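Coordinate analysis (summary)
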2 protein chains.
Amino acid sequence: MDKVLAYLESQNDRFVASLCDYIRFPSVSAQPVHSADMRACAEWLVNYCKRIGLKTRLCPTKGNPVVVATTRKSGPKKTTSKKRKPHFLVYGHYDVQPAEPFDLWTTKPFEPVIRGSSLFGRGASDNKGQHLAHLNAVEAYLATGTELPCDLTFVVEGEEEVGSNNLENFLKANRKELQCDAVIISDTGMPAIDKPALTYALRGIVAVEVRLSGPSRDLHSGIYGGTVDNPAMVLCQLLAKLRDKNGKITVPGFYDEVEELSDFERNQFKKLKLNEADYRKHLGVEKLFGEKGYTPVEQRSARPTVEINGLTSGYQGIGSKTIVPALASAKLTFRLVPNQEPKKIIQQIDSYLRKLCPPTVKLTVEDGHYGEPYLVSPEGKYAQAALRTLRKAFGHEPVVMREGGSIPIVTQFKKILGADTLLLGLALPDDNAHSPNEKFDLRCFANGMKMGALLWPELVG
Amino acid sequence: MDKVLAYLESQNDRFVASLCDYIRFPSVSAQPVHSADMRACAEWLVNYCKRIGLKTRLCPTKGNPVVVATTRKSGPKKTTSKKRKPHFLVYGHYDVQPAEPFDLWTTKPFEPVIRGSSLFGRGASDNKGQHLAHLNAVEAYLATGTELPCDLTFVVEGEEEVGSNNLENFLKANRKELQCDAVIISDTGMPAIDKPALTYALRGIVAVEVRLSGPSRDLHSGIYGGTVDNPAMVLCQLLAKLRDKNGKITVPGFYDEVEELSDFERNQFKKLKLNEADYRKHLGVEKLFGEKGYTPVEQRSARPTVEINGLTSGYQGIGSKTIVPALASAKLTFRLVPNQEPKKIIQQIDSYLRKLCPPTVKLTVEDGHYGEPYLVSPEGKYAQAALRTLRKAFGHEPVVMREGGSIPIVTQFKKILGADTLLLGLALPDDNAHSPNEKFDLRCFANGMKMGALLWPELVG
C-alpha cells in the first residue's frame with residue numbers, strides 16, 4: 001500500500017493536468033448543441049481508462065454513451081465459485097450542468113484555472129474531479145504492480161444532469177456483468193476539509209414544466225387589456241399556492257408518505273454544526289427561509305421542497321412592451337425524501353394545479369425527469385469500512401449525514417443490481433456546483449485518490 | 001376639394017408603395033441595436049415631407065429626433081393679428097413596437113406584404129400608415145394648388161412606444177411655434193370598417209419593473225434548497241396579490257380617484273355592440289376575464305387594469321436546471337382611467353409591494369414610463385366638426401368611444417400647448433398592433449387620406 005500511496009503523490013501534478021484536460025470538454029447534456037462535445041468527452045475518458053490498463057468500452061444508449069472500464073481480464077466469475085473475488089462498482093458521470101449565466105463567471109467555465117488550492121471550471125467538482133480520483137487510485141495499483149483485493153468496474157455515464165433516463169435500460173441489459181457487492185459513488189459533499197463524510201440518505205426529485213396559454217398571440221394591453229386573462233398572472237397565482245408562509249408545500253397529500261426524522265438522526269444532525277452567519281454570508285442572503293420546525297441542516301437534506309427553477313413569459317428585453325402575453329411557463333423541481341414516490345407526487349401536483357387553474361387559460365403540466373429518495377443504514381459492514389477509510393485518508397473523524405441532492409441512479413442500483421451504495425463525496429460546501437465559478441479543492445482531489453486506494457482492502461476486510 | 005380628392009385617388013398606388021418603403025425601416029425604439037435604423041427612418045420621413053413641399057427639419061432630443069414639418073413658409077403669426085389663420089398640429093410617431101416573437105409572423109415584420117386589402121408589417125397600423133394618410137392629404141392640397149384654410153404643422157416623434165420621454169422638453173422648447181387651436185392624432189381604433197370613430201377618452205399608463213434578488217448566485221437546489229428563499233416563488237406570491245378573483249386590483253387606494261361611468265356613457269358603450277363569441281374567437285380564448293360588474297367594452301376602455309408584460313427568472317433553455325435562481329423580475333403595466341394620477345399610483349404600488357415583500361429577498365421597484373389618462377367632451381365644436389368629417393369620408397355614421405390604449409402625449413399637448421386633441425383613429429380591431437402579423441387595411445388608408453383632406457375646411461368652419 002505504501003508504494004500505491006507514494007505513486008499517487010509522485011504523479012499528482014500529472015493527475016491535475018489530466019483533470020484540466022477533462023474539464024475542457026463542454027459536456028453539457030441538457031443542451032443538444034453540445035452533443036459532439038459529449039461524444040468527444042466520452043472518447044477521451046475511454047482512452048484514459050485504457051491507458052491505465054482497464055478493459056474499456058463505450059456502450060451506446062438511446063442518449064449519450066456510457067463508459068464501462070473494468071479490472072477484470074475476462075467476464076464475471078460464476079457466483080457459485082467458492083473463491084469468488086468481491087466485485088465493486090464505481091459510478092460517476094462525465095456530463096455537466098449548463099454553464100449559464102456565462103457573465104457571472106470570473107474565468108471561462110471550460111478553460112480550467114488554478115487559484116490557490118482551487119481548480120475552477122464547470123464539472124471540476126460535479127463530477128469529473130471526483131470519479132477521476134478513483135480512476136487514478138486504480139492506476140496506482142496497476143502501475144506499481146500491487147494486487148487489488150477485489151474486482152472493480154467503473155460505470156461513467158453522460159446523462160446524470162438530465163435524469164439518467166437511459167441508465168436503467170443499460171443496467172438491465174448488463175445486469176450479469178455489473179452484479180456487485182456494493183456501489184461506490186463520490187458525487188456528494190463533505191461539510192469541511194477536515195470533516196470527511198459518509199452520506200447515508202439522498203433526496204429524490206421530480207421535475208415538471210407548467211405551461212399556460214392565454215390568447216392566441218401577444219395582445220396590445222391597451223386595446224384588449226381588461227377583457228382577457230393574463231397567463232403570466234394566472235401562472236403567478238397558481239405557483240404562489242404551492243407553498244405557504246411556513247415553507248410547507250400545499251399540494252394535498254404531499255407529506256403523506258414522508259418518514260419523520262428519528263431522535264437519533266436529529267442528534268446526528270446537530271453535530272454538523274452549521275454556522276448560520278457564515279452560511280448566510282456564503283449564500284449572500286440576509287435571512288434564511290425554510291420549513292418551520294426544522295433546522296437548516298434538516299431543511300436542506302431531510303425535508304422535501306419546491307423550487308421554481310425558471311420563469312418565462314412575454315417580453316424580457318430592454319425597455320417595456322405593453323402586451324398581454326400569449327404564454328407563460330415555469331420550470332419546477334420538487335425534492336423528495338424517504339418514502340415519497342415520484343410518480344404519485346407528480347399525480348398530486350398535476351391534480352392540484354388542474355383544480356386551481358381557471359377556465360380562462362389552458363394548462364399543460366409536462367413531467368420531466370424524476371428520481372426516488374434513498375436511505376441506507378450507516379451501521380452496515382461496508383459503511384463501517386468506509387468510515388475507517390475516511391478516517392485514514394483524511395486524518396480526521398468522519399461524519400455521517402444526509403444530503404439534499406438527488407442521485408436517481410442510486411435507487412436503480414438497488415432495484416436492478418440489488419446493491420447498496422456508499423456515498424463518499426469530495427465536494428466542499430463552497431464548490432459552487434450548478435452555479436457559476438464551480439471549483440474543486442485540489443486537497444480533496446489528493447485525499448480522494450488516497451481514499452480510493454485505501455478503500456478496497458478495508459471493504460474486503 | 002374635388003381636385004384634392006381626385007388627386008388622392010389617382011396617386012393611391014404610389015402612396016401604398018411609399019408606406020411600404022416606410023415600414024421597411026425597423027424603427028424599434030425599445031432596442032438600442034436599432035438606433036441607426038431610427039435615424040435612417042427619421043431622415044426618410046424628412047425627405048418625404050420636403051418633397052411634398054413642407055418646410056421640414058429634424059429636431060434632436062436626448063433620445064430619437066422629432067420630425068417637424070409645416071405648411072407655414074415663415075414663423076408663427078403674432079396671435080394678436082386679427083386675420084390669424086387657424087393652426088392645427090398633426091401628431092404621429094415613426095417608432096414601432098419590437099417585432100418579437102419573430103417566429104409567430106407569417107411574413108417578415110419589416111418586409112411589407114399585401115394580401116387582399118391588408119398591408120402586413122410592423123408599424124403598418126401603429127402608426128406609420130395613419131400619419132402618412134394625413135401627410136398625403138396635405139400633398140394633395142399642395143400638388144393641386146388648392147389653398148388650405150389653415151396652417152398645419154406635423155410633429156412626428158420616435159419615442160411613443162417607449163413613453164415619449166423627450167417630447168415634453170421638445171414641446172416646451174418649441175411652445176411658441178407649436179401653439180395651436182387643436183391637435184389631430186390618428187393613432188387609435190375604429191370598431192369596424194363601416195364605423196368610423198371619434199375617441200374622447202384614453203386610458204393612462206404606468207410601467208414598473210419589479211426585481212427580486214435572493215442568493216448571490218444561482219444555487220444547487222439539492223444542496224441548498226429548503227434553507228433559502230426562492231426569488232421566483234416570492235415574485236409569484238407578490239404578483240398574485242395584485243389582482244383578486246373578481247379582477248379588482250388590490251393595491252390600497254388604487255380606485256380612490258377613479259371617476260365612475262355616467263349612465264350616458266354606459267348607454268353609448270352599449271351601441272358599440274361587441275359580439276362576445278366573435279371577440280373570443282378573435283383573441284383565441286375560450287373564456288373572457290375582466291372586472292366583475294362591467295361589460296367587456298367598459299373593461300377594456302374605461303376601467304383600470306394590471307398586466308404582467310413579461311417574467312424572467314433562472315434557467316429558460318431546453319431541459320431542466322436544478323437551481324434556486326439568484327434573480328427574478330417582472331415587467332408590469334397598469335392602465336389608468338380618469339382621474340387617476342400616475343405618480344400617486346406608482347407610490348401606491350411601491351408601498352404595497354414593499355409591505356408584502358418578506359425580508360428573505362431584496363426588492364427593487366423601478367418605475368418606467370407613464371402617461372396620464374385623458375378625457376374631453378365629445379360635444380365641443382371641433383369634436384362636432386370631426387364627426388361631420390368622418391361621416392363624409394367613410395360614408396357611415398360615426399360613433400364616439402373611449403379607447404383603452406394610452407397616448408401619454410395627449411396630456412402634454414393639453415398642459416404645454418393648452419390644446420385639446422381630436423383622436424381620429426384608423427386602426428381596425430384585428431390590426432394586431434403590438435402583436436405578430438400587424439397589418440393596416442388599405443381601405444382605412446384611403447378613407448384616412450380622404451378624412452385628412454376634408455377635415456380642415458370643417459374645422460375652420
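Residues numbered from 1 in each chain as written. Chains lettered and ligands numbered in written order. Predicted model: local features only at pLDDT ≥ 70, side-chain atom pairs only at ≥ 80, totals over all residues.

For the rest of this paragraph, the subject is the interface of chain A and chain B. Contact residues are listed per partner, giving 83 residues for chain A and 83 residues for chain B. No other element matches strand β11 (residues 305–314) of chain A, which puts nine residues into the side of chain A that touches chain B. Among the residues forming the side of chain A that touches chain B, the class breakdown is 32 nonpolar, 36 polar and 15 charged. Note that β11(A) and strand β11 (residues 305–314) of chain B share five bridges and pair antiparallel. Bridge pairing in β11(B) links Gly314(A) to Gly310(B). (Contact = placed C-beta atoms within 7 Å. Helix = DSSP H or I, 4+ residues; strand = E, 2+ residues; numbered from the N terminus. Nonpolar A, V, L, I, M, F, W, Y, C, P; charged D, E, K, R; others polar. Pairing = 2+ DSSP bridges.)

Okay, the packing of helix α2 (residues 12–23) of chain B against helix α4 (residues 124–143) of chain B next. Residue and element names in this part refer to chain B. Where α2 contacts α4, the axes come no closer than 10 Å and their chain directions differ by 140°. Between α2 and α4, the interaxial angle falls into the category oblique. For the crossing formed where α2 meets α4, the hand is right-handed. In this structure, α2 uses Phe 15, Ser 18, Leu 19, Tyr 22 and Ile 23 to contact α4, whose residues at the interface are Ala 124, Lys 128, Gly 129, Leu 132 and Asn 136. Class assignment of the residues belonging to the contact of α2 with α4 gives a composition of six nonpolar, three polar and one charged. (Axes fitted to C-alpha atoms, helices over the stretch in contact; angles between N-to-C directions. Parallel < 35°, antiparallel > 145°, perpendicular 65-115°, else oblique. Left-handed = near helix turned anticlockwise from the far one by under 90°.)

All right, on to the sheet that holds strand β9 (residues 204–213) of chain A then. Taking strand neighbours across the sheet as the criterion, the eight strands line up as β14(A)-β9(A)-β13(A)-β11(A)-β11(B)-β13(B)-β9(B)-β14(B) in an open arrangement whose pairing is antiparallel. Both edges of this open sheet fall to β14 (362–371) of chain A together with β14 (362–371) of chain B, since each of them pairs with a single strand only. Averaged over all pairs of adjacent strands, the angle between their axes in this sheet comes to 20°, without regard to strand direction. As paired elements, β11(B) and strand β13 (residues 327–336) of chain B share eight bridges and run antiparallel to each other. For Ile308(B), the partnering residue across the bridge sits in β13(B) and is Leu332(B).

We now examine unusual backbone geometry. Peptide bonds are mostly trans, and most non-glycine residues show a negative phi. Going from Asp126(B) to Asn127(B), the amide bond is cis rather than trans, its omega being 15°. That bond from Pro338(B) to Asn339(B) is cis: its omega, 5°, falls within 30 degrees of zero. Position of Asn339(B) relative to the elements: it lies in the loop between β13 and α11 (342–356). We note that Asn437(A) has phi near 60°; this positive angle belongs to a residue other than glycine. In this structure, Asn437(A) sits in the loop between β17 (421–423) and β18 (439–441).

For the rest of this paragraph, the subject is the relation of the copies chain A and chain B. Rotating chain A by 180° about the axis while translating it 0.1 Å along that axis superimposes it on chain B, leaving an RMSD of 0.1 Å. A rotation of that kind, with that shift, is consistent with a two-fold axis. Of every C-alpha in chain A, the one belonging to Cys236(A) sits nearest the axis of rotation, 2.1 Å from it. Counting the interface residues of chain A, we find that 100% of their copies in chain B are interface residues as well, pointing to one common contact surface. (Least-squares fit on C-alpha atoms with pLDDT ≥ 70 in both.)

Looking now at the domain arrangement of chain A. All names here are of chain A. Domain boundaries in chain A define domain 1 (2–202 + 374–460) and domain 2 (204–258 + 304–371). Each of domain 1 and domain 2 has a C-alpha centre, and the two are 35 Å apart. The interface is formed by nine residues belonging to domain 1 together with seven residues belonging to domain 2. In terms of residue class, the side of domain 1 that touches domain 2 is built from four nonpolar, five polar and no charged. (Domains from an automatic or database assignment.)

Let's shift gears to the packing of helix α1 (residues 2–10) of chain A against helix α4 (residues 124–143) of chain A. Residues and elements named next belong to chain A. α4 packs onto α1 with a crossing angle of 120° between their chain directions and a minimal axis gap of 9 Å. It follows that α1 is oblique to α4 by the angle criterion. The way α1 lies across α4 gives a crossing that is right-handed. Every residue of α4 that contacts α1 at Val 4, Tyr 7 and Leu 8 is listed here: Asn 136, Ala 137, Ala 140, Tyr 141 and Ala 143. Classifying every residue of the contact of α1 with α4 by side-chain character gives seven nonpolar, one polar and no charged.

Turning our eyes to something else, we now look at helix α9 (residues 276–283) of chain B. With respect to burial, α9(B) is a largely exposed element, only zero of its eight residues being buried. Looking one or two residues past α9(B), Gly284(B) carries a phi angle of roughly 80°, positive in sign. (Buried ≥ 20, exposed ≤ 12 C-beta atoms within 10 Å, placed from the backbone.)

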